[in-house]
Amino acid sequence: MNPFEMRPGKQAELILDWAAIRPEPYDKRSVDPYTRTRLILMNGTEFENVWFSHQFSRHTVDNEVRRQLALIRRSEQQQQKLLCHLKPLDETMLEHTIGYEQLAVDLTAHLAKRVSDAGLKNALDFALLEDFDHLYRYADYLDMQSGEKAENLVGRYTEIMPGRPTIAHHRHPYDSIRYPMTGANPPTLDVLAANVITAAEQQTMNYYMNVAANYPEETGKRLYQEIGMVEEEHVSQYGSLLNPNLSWLENLLVHQYTECWLYWSCHETETDTRIREIWGFLFEQELMHLHIAQGLLKECEGKEWHQVIPDGEFPHPLRLESNIPYVRQILGGTVCNTALREYYEPVDSLPRNGTFADYQRQVNQPIENVTSHTVIEEYIRQKGQDYRYETAPNPVPPLRDRSRDDTQVGRLPEQVLQKA
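Since the structure is predicted, the reported quantities are computational estimates derived from the model, not experimental observations.

Student: Help me understand the overall build of the protein, please; the structure alone is not making it clear to me.
Tutor: The helix and strand inventory of the protein stands at 13 helices and two strands. Compactness check: the protein gives a C-alpha radius of gyration of 22 Å against a globular reference of 22 Å for 420 residues, within 12% of the reference. Taken over 420 residues, the protein has a buried fraction of 58%. In the protein, 85% of the contacts between residues at least 6 apart in sequence involve partners at least 24 apart. Counting only carbon and sulfur atoms, one obtains 50% of the accessible surface of the protein, whose full area is about 17,600 Å². For the protein, the separation between the mean place of its 42 positive charges and that of its 62 negative charges on side chains is 2 Å.

Student: Where do I start with the packing of helix 4 (residues 118–146) against helix 10 (residues 324–334) in this structure?
Tutor: The relative placement of two packed helices comes down to the angle between their axes together with the axis-to-axis distance. Packing of helix 4 against helix 10 brings their axes to within 10 Å, and their N-to-C directions diverge by 95 degrees. On the basis of their axis angle, the class for helix 4 and helix 10 is roughly perpendicular. Contacts from K121, D125, L128, L129 and F132 in helix 4 reach Y326, V327, I330, L331 and T334 in helix 10. A class-by-class count of the residues in the contact of helix 4 with helix 10 yields seven nonpolar, one polar and two charged.

Student: Would you mind showing me how to read the pattern of salt bridges here?
Tutor: Any two side chains of opposite charge can pair if their charged atoms end up close together. Considering all chains together, one arrives at 26 salt bridges under this definition. Close ionic contact of R29 with D90 constitutes a salt bridge, the shortest N to O distance being 3.2 Å. Residue R29 is found in the segment before helix 1 (33–57), and its partner D90 is found in the loop between helix 2 (63–85) and helix 3 (93–114); the two are separated by 61 residues along the sequence. When its relative accessible area of 64% is taken as the criterion, R29 is described as exposed.

Student: It is not clear to me how the side chain of S240 should be interpreted in this structure. Could you clarify?
Tutor: When you line up the elements, S240 lands in helix 7 (residues 218–241). If near-sequence neighbours (up to four positions away) are discounted, S240 is found in contact with S176, I177, R178, Y179 and P180.

Student: Just checking my understanding: could you explain the pairing of strand 2 (residues 343–346) for this structure?
Tutor: Two faces make up the sheet, and in a regular strand the side chains alternate between them. With four bridges connecting them, strand 1 (residues 337–340) and strand 2 associate as antiparallel partners. What sits directly across from L340, in strand 2, is Y343. Here strand 1 folds back onto strand 2, and the loop between the two strands holds two residues, one of which, R341, carries a positive phi near 50 degrees.

Student: Quick question: what am I supposed to make of the packing of helix 2 against helix 8 (residues 248–269) here?
Tutor: The contact between helix 2 and helix 8 brings their axes to 14 Å, and the two run at 30 degrees. The angle between the axes of helix 2 and helix 8 places the two elements in the roughly parallel class. Along this stretch, helix 2 crosses helix 8, giving a crossing that reads as left-handed. Across the interface between the two elements, L69, I72, E76, Q79 and L83 of helix 2 pack against L252, Q256, E259 and Y263 of helix 8. Residues belonging to the contact of helix 2 with helix 8 are distributed by class as follows: five nonpolar, two polar and two charged.

Student: Even after reading the chapter, I still don't get helix 2, so can you show me in this structure?
Tutor: Helical geometry note: an α-helix holds 3.6 residues per turn, so side chains three or four residues apart project in the same direction. Helix length check: helix 2 (23 residues) gives 32 Å between terminal C-alpha atoms against 33 Å at 1.5 Å per residue, within 8%. Regarding helix 2, the residues found buried are V65, L69, I72, R73, S75, E76, Q78, Q79, Q80, L82 and L83. On its buried face, helix 2 is in contact with helix 1, helix 8 and helix 9 (273–301). Between the side-chain oxygen of the N-cap and the backbone nitrogen of E64 there are 3.0 Å, and the N-cap of helix 2 in question is D62.

Student: I keep staring at the state of the cysteines and nothing clicks. Help me out?
Tutor: Disulfide: a covalent bond connecting the sulfur atoms of a pair of cysteines. Scanning the entire structure with this criterion turns up zero disulfides. Between C260, a cysteine without a disulfide, and C266, which holds the nearest cysteine sulfur, the sulfur-to-sulfur distance is 12 Å.

Student: What exactly am I supposed to notice about the packing of aromatic side chains here?
Tutor: Think of a pair of aromatic rings as described by two things: how far the centres are apart, and how the planes are tilted against each other in angle. Summed over the entire model, instances satisfying the criterion amount to 20 aromatic pairs. A centroid spacing of 6.2 Å and a plane angle of 45 degrees characterise the contact between F47 and W51, whose relative ring orientation is tilted. Of this pair, F47 and W51 both sit in helix 1, four residues apart, roughly one helical turn. Overall, F47 belongs to the partly exposed group, its relative accessible area being 28%. The partly exposed category is assigned to W51, whose relative accessible area is 41%. Seen in terms of ring centroids, Y179 and Y343 are 6.1 Å apart; in terms of plane orientation they differ by 70 degrees. Their pairing is edge-to-face. Taken as a pair, Y179 in the loop between helix 5 (150–153) and helix 6 (188–214) and Y343 in strand 2 lie far apart in primary sequence, 164 residues in all. Overall, Y343 belongs to the partly exposed group, its relative accessible area being 48%. By the ring-pair criterion, three or more aromatic residues cluster together here, those being Y100, Y138, Y141, Y207, Y208, Y215 and Y224.

Student: Explain the side chain of E46 to me, please; I cannot follow it from the model alone.
Tutor: Structurally, E46 is set in helix 1. Of the side chains with opposite charge, K81 comes closest to the buried, unpaired E46, at an N-O distance of 9.4 Å. Those residues in contact with E46 that sit more than four places away from it in its chain are E76, Q79, Q80, L83, E259, Y263 and E286.

The rules behind the values
Residue numbers restart at each chain and count upward from 1, following the sequence in its written direction. Selection of residues for local features in this predicted model requires a pLDDT of at least 70, selection of side-chain atom pairs for listing and counting requires 80 or more, and totals for whole chains, interfaces and linings are taken over all residues. Working from all heavy atoms in the structure, the side-chain values ignore hydrogens and water. To qualify as a helix, a DSSP run of H or I must reach at least 4 residues; to qualify as a strand, a run of E must reach at least 2; elements of each kind are numbered from the N terminus. Using C-alpha atoms as the atom set, the radius of gyration is obtained and then compared with a globule rule of 2.2 Å times the number of residues to the power 0.38. Type-normalised accessible area, obtained with a 1.4 Å probe on protein chains alone, sets the label of each residue: buried when under 20%, exposed when over 50%, and partly exposed for intermediate values. The contact criterion used is simple: two residues touch if any of their non-hydrogen atoms lie within 4.5 Å. Accessible surface area values rest on a Shrake-Rupley calculation with a 1.4 Å probe, where residue burial reflects the displayed protein chains alone. Positive charges come from Lys and Arg, negative ones from Asp and Glu, while His and the chain ends are left out of the count. To locate a charge, the coordinates of NZ of Lys, CZ of Arg, CG of Asp or CD of Glu are taken. Orientation is described by axes fitted as lines to C-alpha atoms, over the contacting stretch for helices, and by angles from 0 to 180 degrees between their N-to-C directions. Angular relationships are summarised with four words: roughly parallel below 35 degrees, roughly antiparallel beyond 145, roughly perpendicular across 65 to 115, and oblique for the angles in between. Under the scheme applied, nonpolar residues are Ala, Val, Leu, Ile, Met, Phe, Trp, Tyr, Cys and Pro; charged residues are Asp, Glu, Lys and Arg; polar residues are all the others, including Gly. Salt bridges are defined as contacts in which a side-chain nitrogen from Lys or Arg sits within 4 Å of a carboxyl oxygen from Asp or Glu. When DSSP finds at least two bridges between two strands, those strands are taken to pair. Here is the rule for handedness: rotate from the far helix to the near one, and if that takes an anticlockwise turn smaller than a right angle the crossing is left-handed, while a clockwise turn gives right-handed. The length a helix should cover is 1.5 Å for every residue beyond the first. Any pair of nitrogen or oxygen atoms within 3.5 Å is treated as a polar contact; in protein, a donor-acceptor pairing is required on top of that, and neighbouring residues in sequence qualify only through side-chain atoms on both sides. By definition, disulfides here are pairs of cysteine sulfur atoms that lie within 2.5 Å. Centres within 6.5 Å make a pair out of two Phe, Tyr or Trp rings, where for Trp the six-membered ring is used; the pair is then stacked when the planes are under 30 degrees apart, edge-to-face when over 60, and tilted otherwise.

Shown next, in the form of C-alpha cells:
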C-alpha cells in the first residue's frame, strides 16, 4: 500500500464537532493491553506532529504555508483529544504509567528486530533495557500503593523484573548524542522507526514531567521525577538520529507519512472492533494531511514526494506483541553497557575519571536520595522480597536476588564511585 497513490474516502472530514471527539472510553478491566498501548503511542505521535507544526510555523514568513499548517494542526489537535477521551476516568496515573512502560518495551523491541541501520538498532537495544527496568520499578510501587499486580495490566505479555538498574541510567548529557542517519536513501522502515520511537519516548518524557508535579504522594513524585530525567536522555538520543538535512517541508511530509503508517498499522492489528473503526477513520484523515503536505512540498520547493521518500510502499504493519525472548537476549548480552559519546561501551572499560563516573558521583550520592533504588528496598522491607512476573530466572545472575536491589550492574565498581 502506497498512501501517496490513495485518496481519502468520502467520509473523511478534517474538522469535527464536539460529539465526534468524545467517544465512549474503553473498560480498563477488559481492554486488551495492546489496545491501551496503541492509544498511548498515537497520542504521542499526535503530540509530536502538533509541536513540530508550531515550530515550523514560527520559522516561515509564508502565511499561506502557515494557514495550511494551522489547518492540519487543528485537525491533529482534535485527533489527540479524541484519543485522550478513550482513556477511562477510573484508570489511575500509575495504571496508565504501566501502559506507557509496556509500550516502551514492546515497541522498542519490535522496531529493534526490524531495522537495518546498525546505529539505530544499537540505540533501540540500549534504551530497551532501561525502559524494561522502569516497568519493574513502577510495578513494585503500584503494588506497594494499591496491592494491584501489574502483570494483570500487561496481560502477562511482558515480563516484570530488573533490567539495567535505573540508578545506572544517569549519564552526562554529552553521552546522549548519536550520529544522525544521513545516508542516501535509507530504508523506509528505518526512517519510520526513528521518527516513531522519538515521538513515543518524547510523549513518555512529557507525561512524567507533568505527573511529577501533580502526583499526590512524595515517593511517587520523586520516582516520576527521576525516571522522567532518564526519558530526557532517551529523547536526546533518538532525536539525534534523525536526518538534520531535511527541509521543514520535507520533514512535514515525513511526519505525515509516519502518521499514515501508524494509523494503518493500528487498524490492521487492532482486536477491538469499535476502536478499529476509529483507527480507520483517523487513517482517512491522515491521508488528507499527507496530500496537503505533498502539495506544499511541490508548490514551494518544486519537489515530488519520492525525492524525500523514494519507496512510498508501506512496510509491514507495526505490531505490538510479546517480545519476551528478545528482551531476555538483549538483557543477558548488554546489561553492563553504558553510553560514551556516540558509542556504547562496557562500564568496566570506562576511565575512572570519565564523564559517566563523574556524573554518577555528582548525582547519585548519597544513594539514599535515589528513589528508583529506595522504592524497591522499601518494598522488600515490607514484603520480604520484590515483586516480579518472570517466565524464567533473570538472565543476569546478579539480578536474580529478590532480597536486595542491585545498584552495581551497569555502573562502575563501588570504589570508583565513592568520593576521594
